[in-house]
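Structure at a glance
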Amino acid sequence: MEFALLHPDPDDANWLRPVPPSAALAQRLNAIEREITERRRMSIELADAFEPFMTLSAQAAATTHSITVLEGNDRINAALDLATAQCQTEMLTVQPSGPRPERNLIQGLERDRPLIERGVRIRTLYQHTARYSPEKLAYVDQLSNGKVEHRTIDELVERLIICDETVAFIPTRDDQKVALELRHPGLVRYLIKVFEFMWGRSVPLSAGAPYETAPDGITDIQHSIAKLLVEGHVDEAIARRLGMNVRTCRAHIAKLASALGSGSRAQLGFLIAQSGLLDQPEGGE
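The sections below set out a description of the structure shown in this document. All figures in this text were calculated on a predicted structure; none of them were measured in a lab.

To continue, consider the overall build of the chain. On a plain count of helices and strands, the chain comes out with 9 helices and 10 strands. Burial statistics for the chain: of 285 residues in total, 37% are counted as buried. For the chain, the accessible surface area stands at approximately 17500 Å², while carbon and sulfur atoms represent 57% of it.

In structure tokens:
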């Protein structure tokens, strides 16, 4: 009775008779067909509602290039591997100084060697402190080649990798766990200009130490520290910007203070400004 498969006998209420199979089937199919009709109506309404957005999405895909967020080392490395595998002309990299695990150096060698074998030009910018890193020097020695150039500069802000003027990678967090893959031509061109600006002010790694003492007794790195001190940066920030540890940074500050005859941090800033030190060109550039 619940499933409408039986009905009371019209001649005897004590008996139940089966519903004809054709009637039972029709009753079952009617409910299903009503549900199908309703879902078809809903699907048509959804398609109509989404149609303008689908058109916009297709137009955007055809006229713009992607900015992709890469989360996690595995995904970042996979995207870098793909980009370097497709690179045919030139790769530009900016690598601020800092400890790099041996695994990362090996991974970098494995990624860069095929580029060299294909004749791809590689230009890499380090900070001056890389000249005193045995790991960095060993890595550079492994990639010695006419089409591979390494230069150093006093200050670098963040990492950057550009392949064939088509794709660039930049980190978005200090822990290097999240990066952006940029394929928008305007953004990539802008980052290339930034790289070329720094490259023109850098020193070839083979040119010897850039920290030579100037006639006033102040080294190039101390000129850089003086500039950042006057801008108000604390020791930790200066060390990070120049790619050195805080202890080394403070040793340079102490030497700078001694050379200028300063007895305090506040006086040091005043003496730097008064001395005209920041008006002089740095010897490393």
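Moving on, we get to the state of the cysteines. Taken as a whole, this structure holds 0 disulfides when the rule is applied. With no disulfide of its own, Cys163 has Cys87 as its nearest cysteine by sulfur position, at a separation of 4.5 Å.

What follows concerns the sheet that holds strand β4 (residues 90-94). A sheet is described by the order of its strands in space; here 8 strands give the open sequence β3-β9-β8-β7-β4-β5-β6-β10, paired in mixed fashion. The open sheet is flanked by β3 (67-71) and β10 (203-204), the only strands paired with a single partner. Where strand β8 (residues 167-171) meets strand β9 (residues 178-182), 4 bridges bridge the pair, whose relative direction is antiparallel. Note on β9: the bridge partner recorded for Pro171 is Ala179.

With that settled, consider a nonpolar patch on the surface. On the surface, Met1, Phe3, Leu5, Leu6 and Leu16 cluster together to form a nonpolar patch covering roughly 500 Å² of accessible area. Following the sequence through the fold, Leu16 ends up in strand β2 (residues 16-18). Take Leu16: its relative accessible area is 44%, and that puts it in the partly exposed class.

Reading the values: the criteria
- Residues numbered from 1 in each chain as written.
- Predicted model: local features only at pLDDT ≥ 70, side-chain atom pairs only at ≥ 80, totals over all residues.
- Heavy atoms only, no water.
- Helix = DSSP H or I, 4+ residues; strand = E, 2+ residues; numbered from the N terminus.
- Buried < 20%, exposed > 50% of the residue type's maximum accessible area, 1.4 Å probe, protein only.
- Areas by Shrake-Rupley, 256 points an atom, 1.4 Å probe, with all protein chains shown as cover.
- Disulfide = S-S within 2.5 Å.
- Pairing = 2+ DSSP bridges.
- Patch = residues over 30% accessible without salt bridge, like charges linked within 9 Å, V, L, I, M, F, W, Y side chains within 5 Å.
- Salt bridge = Lys/Arg side-chain N within 4 Å of Asp/Glu carboxyl O.

Interpretation note: all reported values are geometric properties and have no functional meaning in isolation.
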